[in-house]
Structure formats: C-alpha cells, structure tokens
Amino acid sequence: MRKRDIFFIVILFFAGLNLPAQNPFVQLYTTSDGLPSNSINCIEQDGEKFIWFATRGGLVRYDGSSFTNYSMRDGLNQNHVIYVKVDSFGRVWFFCIGSTMNFFYQNKIYNSTNAPFLKKLRGNWNFVQDKERNLYFYNYHGRKIIVLDTNNNVTQFELPSVPLESDSITTDGMNIQYLARIPSGEFMIWTYMGIFKTKDLAEKPIPLAYFERYHNIYPLGDTVMYDVIAYPEAQTSVLIKYLNGVPVDTTNFMETALDKEGMILEDTDGKLWISSPVKGLYCLKNKQIIYHFDVKEITWIRKDHEGNIWINSKNGAYKISPYLLYYKHFDNSYFQDEGVDALCTDPEGGIWGIYSNKVFLYRNNEFYSYNFSYLNYIFNQIDALENNTLIIGSYDRNRFVLTGVSTDPSTKSLKFGKIFKLPSEGNMTINKFKDEVCIHDEYSQTVTIYSVKNNFREINNVPVGDSWQVFYDARNNLVIVGSNGHFILKDKSKLPYDEFRHITRSLLINHKILDSSADVFLTMYDSLYLVNQKRAFNLTSSFDYSFNTPIKHITYNDQALYLSTFRNIYKCDNPLDIQDDKAVQLSLIDINFSNIRDILAYNDTLYIASGDGLTLIPTDLTDDIRSRVPVPYFRSILINDKEAGIYSQGSTIKGKNKFNFSFGSINYSQNPVLYSYMLEGYEDEWNIGTMNNVVFTNLQKGHYKFRLRAAKSNSPWSDPIEYHITVKATIWQHPLFYLVLSLLTAGLVSLLVIRRKNIQIKRQEIDHQLIVLEQKALQSMMNPHFIFNTLGSIQNYLLQNKPGEAGLYLSQFARLIRLNISSINSALINLEEEVNRLRIYLDLEKFRMENKFEYLIEIDHGIEEDEVYIPSMLIQPFVENSVWHGISALEEKGLIRISFSMHSAKALKIIVEDNGIGIKQSERYSSKNESHLHLSMEMIRKRIEIIGKKMKVETSMDISETTPGSPNPGTRVVLVVPFTYGDKEG
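Residues numbered from 1 in each chain as written. Predicted model: local features only at pLDDT ≥ 70, side-chain atom pairs only at ≥ 80, totals over all residues. Heavy atoms only, no water.

**Details of helix α6 (residues 876–887)**
Now for step 1: Given a rise of 1.5 Å per residue, twelve residues ought to cover 16 Å, and the 15 Å separating the end C-alpha atoms of α6 matches this to within 8%.
Now for step 2: Burial analysis of α6 places eleven of its twelve residues in the buried class, the great majority of the element.
Now for step 3: Considered for burial, the residues of α6 that qualify are Gln876, Pro877, Phe878, Val879, Glu880, Ser882, Val883, Trp884, His885, Gly886 and Ile887. (Helix = DSSP H or I, 4+ residues; strand = E, 2+ residues; numbered from the N terminus. Expected span 1.5 Å × (residues − 1). Buried < 20%, exposed > 50% of the residue type's maximum accessible area, 1.4 Å probe, protein only.)

**A look at the confidence of the model for the chain**
Low-confidence regions, as indicated by low pLDDT, have predicted coordinates that should not be scrutinised in detail.
Now for step 1: Considering every residue of the chain, the mean pLDDT works out to 85; 89% of them sit at 70 or more.
Now for step 2: Contacts of residues 1–21 to residues separated by more than four positions or lying in other chains number 41 contacts, the stretch itself having pLDDT below 50. (pLDDT = per-residue confidence, 0-100. Contact = heavy atoms within 4.5 Å.)

**With respect to the nonpolar core**
Now for step 1: Ranked by internal contacts, the top residues of the largest apolar core, which has 80 residues, are Phe53, Trp93 and Phe137.
Now for step 2: Sort the elements by how many residues they give to this core and strand β7 (residues 92–96) lands first, with five residues.
Now for step 3: Of all hydrophobic cores here, the second largest spans 45 residues; its members include Ile794, Ile857, Ile944 and Leu975. (Core = buried A, V, L, I, M, F, W, Y, C linked by side-chain atoms within 4.5 Å.)

**Focus on the pattern of salt bridges**
Now for step 1: Tallied over the entire structure, the rule returns 34 salt bridges.
Now for step 2: Two residues, glutamate 132 and arginine 181, come together in a salt bridge whose shortest N-O distance is 3.7 Å. Pair noted here: glutamate 132 is in the loop between β10 (126–129) and β11 (135–138) and arginine 181 is in strand β14 (residues 176–181), with a separation of 49 residues, a long-range link.
Now for step 3: The salt bridge partner of lysine 271 is aspartate 267, with a shortest N-O separation of 3.6 Å. Take lysine 271 and aspartate 267: they sit in the same class, and that class is buried.
Now for step 4: Taken together, the salt bridges that share partners define one network made up of Asp267, Asp269, Lys271 and Lys303. (Salt bridge = Lys/Arg side-chain N within 4 Å of Asp/Glu carboxyl O.)

**Points about the pairing of strand β62 (residues 658–666)**
Now for step 1: Taken across its nine residues, β62 has eight buried, putting it largely inside the fold.
Now for step 2: As paired elements, strand β59 (residues 631–639) and β62 share eight bridges and run antiparallel to each other. Its bridge partner lying in β62, isoleucine 639 is registered against phenylalanine 659. (Pairing = 2+ DSSP bridges.)

**Concerning the side chain of glutamine 177**
Now for step 1: Here glutamine 177 lies in strand β14.
Now for step 2: Since its relative accessible area comes to 4%, glutamine 177 is described here as buried.
Now for step 3: A distance of 3.2 Å separates a polar side-chain atom of glutamine 177 from the backbone oxygen of histidine 215.
Now for step 4: What glutamine 177 contacts, discounting residues up to four positions off in sequence, is Tyr138, Tyr140, Trp190, Thr191, Tyr192, Tyr214, His215, Asn216 and Ile217. (Polar contact = N/O pair within 3.5 Å; in protein donor to acceptor, adjacent residues only side chain to side chain.)

**Examining the sheet that holds strand β61 (residues 650–654)**
Now for step 1: Read from one edge to the other, the open sheet built from five strands follows the order β61-β67-β66-β63-β64, with strand pairing classed as mixed. The open sheet terminates on both sides in strands that have one partner only, identified here as β61 and β64 (687–689). Strand-to-strand twist in this sheet, taken as the mean axis angle between neighbours without regard to direction, amounts to 20°. (Axes fitted to C-alpha atoms, helices over the stretch in contact; angles between N-to-C directions.)

As structure tokens, then:
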C-alpha cells in the first residue's frame, strides 16, 4: 500500500474533527490582514489569477501578498457586494446590494455612468454565457431573462407565471434557479417547480420534469451544475450532476446539511467539496467523506489555480492548502493550546515531545502524556535514552531524569519508576549510543560525565578551561571548543581536534551527526559546514538560495538534511556529495508554519513542532510539496511620470524618456518571490532579485522589449510577460535632419550673404543717389542765373563808382561760395554753419534787391546749434524760391521767416515761410527757364526721403500757402529732417 493511501486512511480516521485556524495548511484572512470586513459573501478567481472577495465593506482583489480595496469612491454602486462572477471577456461582474451591478475590466470599474447598458441589467445577480459569448442574466426570485450580446445590446424575456401556495419557498413556480444553453442551441431552465426546455426564449418553454419536493440547484459553471434533493426523513441527500443539461452522475450524500445557502465545488482531482452553513465543509472522494471542516456559515467554495480551496465565513476567508488532505497535523487542541517546544526519538519506537510542563509520547497513532506541573518548571528540552530513561530540561538548565518510563494504554498516560534531578547545571550533550550524558558548566569551566547504564553515576569530572561548546562527534569523541583551542577529551587526556581549523570557533551554535564519520555544524551566521575525515566543506556556499531569516534547527535522516527557519523548512538531498565536488541542491518545502521550535526526521517521517502544533509529513512526499510558479503582472507603468495602460502591448515615445515599471506576482503560498527582468535591446542578461520596481531613462532611439519573469526558490521561472517600447528619433536625431540642417544652414548663409550684398548695393545706390542729389543741390545753389545776377550787381556798383559797396558785396559772395563748396565734403552740416550760410545768402539778396524784404531766423532754446547736425543744402533752395518767386513780384516790402524746432528725438522741424505772392501767382510769372526750381523741389523731397530711410527716421516735406485767401497768400514750407549730435550719420 502506498504511503499516500495510508495517510488517506489516517485522514478518514480523523474526519469530522474540528480544524481550528492553528494549522499550517489553513490560513484565515481577516480585517487585520487587510480585508475591509470579516463578513465575506463570495470568493472568485478571475482569468488573471487574482482572488476577489465580495464583502460587506467593499470589494477586494488579492494577489497573495497585498490586498487592493475598491469602494464607492472607486465607482462601485454600493460597498456591500453580494456576488462576483467572471465572463470569458475577462470582465469581473459585481452584484451589489440594492439590485445594482458593476463590472471591472482592465483596472477600471464600470457603472451605469460609463456603461449605460448596466441600467437595463438592474435586478439580476447571476448569469451564464453561451458559446457565442452572449450573457444571460437572471435572478433566483424572478422570471426575467435579460440577454447581453457581444455588442452590449440588451434584450429582455420573461417566463410565464405559475403562482404557488403562500407557504412555499417562492411565490412563483417559474422563478428561475438555473439556466443553460446546451450544444444544440436549446435552453434548459431549472425553475422551482421543474425543468423546462425551449428553442426560443420568446416562446413558452416545454416542461420536461416536475419536482415533487424541493430541489436546490448549484451551478459549477456555464455547462455543469448539481441538482440536490434533500431527504430529511432518511438523513440523506441526492446529488445529481448535469452536463449541458444531461444528468451524468448521482451521489448519495449521508447528510441533510445542504440547503439553499450551501455550495458545491468539483475539483480537477475528482474530489467533491460541499458546504453547509450549519454543518461546515465536507470533502468527498469516490463518494466517501474524507474530510470535514467544522466552520459555520460557509456559503461559498472556490479553488484557485494553485489547488488551494477558498471558503467564506462571517469571521473572514479561509484558504485551505491542497496538502491538507495528504499530511497529518495535530493542532494545539492536542497540546492545551501551547504548541510543541521540542522533539526527540524513542529507542523503542515513537516520538517524544514536550510543551510547557507536559511530556507526551506519540506512538502508533496514539498520544500518551504526563503533566509535571508539580515540579514548577517550564521545560523546553527532552531526550530519550536507553533503558526506558528520559531526561527533561528547563529553560534555566535544571534537568530531571525519569527512569522506567512506560505507557498505560487504558488511560493514554505515561508511567515511570522514579524521578531525580541531575546535580550539575549547564549545557547538556548526549553521545550517539545514548548511554552517556555530559554536562558542561562554563562558569566552573568543567565537564561532568554521567553513565546511563550505572543509574547516572558520575564517571568523570574534568576542568576544561575557558570553553563554550561541548559535543559528541560522529566517532563518539567528546569535543571541547574553547579559547585555548579545540580538543578531544579522553579520560583525563586532551587530544587535538583538527577538524575545526576551517571553522570559526566562536560561532558554533548547533551540531548533527550524519553517519559514523560525518558531522554537520551550524554557525551563528547561518553557515553550514560538513566535516568528514578531518576535512571541512562549506555547504552554504554551494546552495543557490540565500536565507532571509536565520536557520534555527537541523535534522538528518535517510541521506537528507532538513533545515528550518522561523516559518519554513528546506531540504538538502545527499549533502555528502559535496565531498566529491558534486552539486548540492537546496529546495523549499512549500508550507508556512508559525514559529517552528524543533524538527525531527525519523522513520521516513518529518516531524515539525511549532506554534501550530505537531505536523507529520512523509519524507518521500516532501518533494511533492513544490512551489507553484508565481504569475507576474504589471502593477503600473509610468512613462515620463504619466500613467500608461498596463494592458496595452506597448508604447511609442519621442525624445527624452523615462520608463518606470512597477510589478508584482500572484503567489498564494506566501513564500518569497524572485523577479527576473531584462530590457531587450538595452541589455543582454537577466537581472534577478526581490525588488519589484525598475526605471529606465533616456533610452536611445530604437525598439525595446521589457520582459518580466517570476519564480520561487524551488520553482521554475514563469513564462515572461512583455511590454514593447519604441523610442522614435526626434527631428534633430533623424539622419536626414543633419542633411536638411546643412542645406538650410547653407541656404541661410547664402541668403544672409546675398541679403548683406543687396543691402550693401542698396546702400551704395542710396549713397550714390545722395551724392547725385547733393551735387544737383549744389548746382541749384550755384546756378548761373544766381552767379550772373550777383556779378551784375557788383558791376553795377563799380559803374556807379561805389567801390565800397562792390567790395562788401564781393566779399560776402566769395564767403557764400566757399561755404557751399565746403559742404560737398560732408552730407551733414552743423546747424550753426547752416544758419550762417542762410544769413549770408539772404544778406546778398537783400543787398541786391535794395532792402526789398526783411528776414527772420528763429531757433528753439532747446536746440544746441553747435552740436546739432542736419543734412546740408536743403533749406537754401526754398529760401531762394521765396526771394525770387514770392517777394520779387511784391510791390510792398516782403518778409521771410525761417524757424527750427524739435519734432522728435531724432528729427527737426524746419519752417520756411514768406508773405509773397504765393504759389499759384508765381507760376504765372515764372518762365520756362525757371522750371528748374520745381525740379529742385522734387530733388529735395527725394533726398529727404532717402536720408530718412538711411538714418531710420520718418521724414516729410509739405508746401502750402502761409495765409490762404489773402491777395498775397505767401508760401509755407515745412520740412521734417533727421539730425544727429556730431557729424556722423545715424
């Protein structure tokens, strides 16, 4: 008979016993773990392997290590969630109190606001899905069937009514309990009064069978359901299994515990799990009860992808490990809720254990115990010796010897001959033959050796000096570890112990004998050394696993070394292989315990003493307790600190970039998870560690693939999940950019050169135009007519024998000519010089015309004449025009007025006005030979315009009548010209 089958028989023996939560195979989740409420209505696993809890306080998603709570703040209609179900699209549907409905899809909760079709589904809390993926919603208390197609279109149907008697469980016999669409396309409908069939929900269904008594329908999915018929008079129930509407199996269940609040689950191992709010949870194999979990108010059962069974209650949610049905566990109810502190083997067969001040022997599936509370000690050490002798030790190192120990089968108690206390105190060690006890007193620095065969007579007492560790090695040598060296004590002699030369002497904390020549030592820093034939081997360095918590205990049996930490146990097969340079593997036994206090491998069974009680695992089945491969997933993906969709295949980004990946794993064994990730295109090797966040910044343009795997210490790596990243070149990173930039730069430089050239040409043209205009202006002022008149006037003075007047006139004329010629050297002239030239010209004309006119020159006080420079040869033509064309034709005396004032920060306003005959009348007197005056005006206008553009000043020239409407309206010329301070332009 296989050992697994033997353990099933043991389970059958204990079936029906209570199973409290102090069990390494059962874990209770409550509000202290992160649930919003201990009242759990429903538990479901979605397609991504997350566990969902529907509670009175909201909705919870669980990945095995952390709870994510959802409430009305996140979009739920109500915090009290009744039912959860998953469809083939990956939507997780939530049915809340108040007949409202939500669903969760790709990290978002939908309600009637963002999914308006949900309003039409109100009032329903269950559905089935057909092969076309249409959903059929219904309610146990109604006759309506609402169809939601793949386009989210809603169609409603209603079954005909058949009223029932008032004392019935429902008011209408056609209220739906379950419906299914079978492969033929027809609908099978289970109502409270019977089974019906129809091809079209709009048609009246055809009855197939009527129920004579109450039936409970338990759907296991969209194709499998159980019809349960209770027979209280026979204390039995009949379970009929249907597949696509066809009965395929019947089970007679010897309980009437099932009612309308119960649940049925059929797992892939052929076991049937049945819950009852009254009787608890049952497990059936081959239609026989193999397990009973007596927890009340269980209404829901689910099995996850790791094989764990999840059940709800009003006290929280329970997770039952699949290993529960294969291994034996005695919870703390066997040990007065104390847990077990220490274990040892009995030479006659069986296991001794101790807790508090009580001793027990477990032999042949029976417990025998004795209470030593009268000794007033709390014990934590027990050792069984030959001749039915037992030693128990307390925390303060007081030890008692029990001789003649035996069992009483009738009372299940222990008996012994006598009990006495060992006189020595200190650390105790026992030799491999169990016939010699050594107590090491580090204070008196002595060891005392007692003979078990001679009723614990002292046979040796030897001073050992400053020492801190004493043990018997594999060759039964008594080894002393001290500050003065390590030695073997033979009678009174001390022989060198060379095996410790490779081991740090002060860190030894535990020791086990493997065989007749090999020992294993545990140091304080979790280093394991195997010593054989005076050679030391570091076992820890060969392990591919690093411990997060210290190793507390070690045991050895059948070529396997077992190590325990506070919560976990590890197995090392064939540690002696390290002597032959063979690989030594360490694997985790995937069970979590509460405060492991001792472990013992004996007779093909591994015994674990813990705060949970006593657990027995067959050593040949420990390899079956392998960690399931965790399922990795992305918690969030941030791109440039903005949330990205974790369900998208990837993303594309340009320019500066930062990718932040936060990830987790779905792992319900609670053992630590390792992550491995690699960004293909950026690195070539996998990164391995426990961190669950990684950031990449400033990736170069190209295509990348972020790959993530997860594993546990003794599981393979999961299939990787991937996220694709495309970093596109910005315009300045594209190869064509530099070509275009070069072309643009070359073009821009060419344009600048051309523009500069054009500007230079334009400036040259302007300068040329100005030179030409200035020459013409000079010609205008030096015209032959003016010179002829002047010389004629001088001749006339000479003929009249007026040499004084002729000389004065001639000197003024020469001075004017000199000023006009000097103005050729500069485009600008000092205002003071210009005014001086105008005075000379006007004096000459006034002298020539015998004082026929007067003139007046006005300059604003704010104008510094000697610092202001204006364009030369601009004003005299207008003054000349006033003299020749305006005043010369007057009968009365004329007046010419010239004024200078500030127009702007860079421009002067010059006004030349007279009281002559005016513009229109002067045209009648002008001859064709004098038309050059008009040309002179245009040249001045053009010259002013060019100078203004060159000096970037707005200029103007305006000619009008001085007093319009009078007989002699006169002429008024207003010039706005640029000026500078100094003789430089601009």
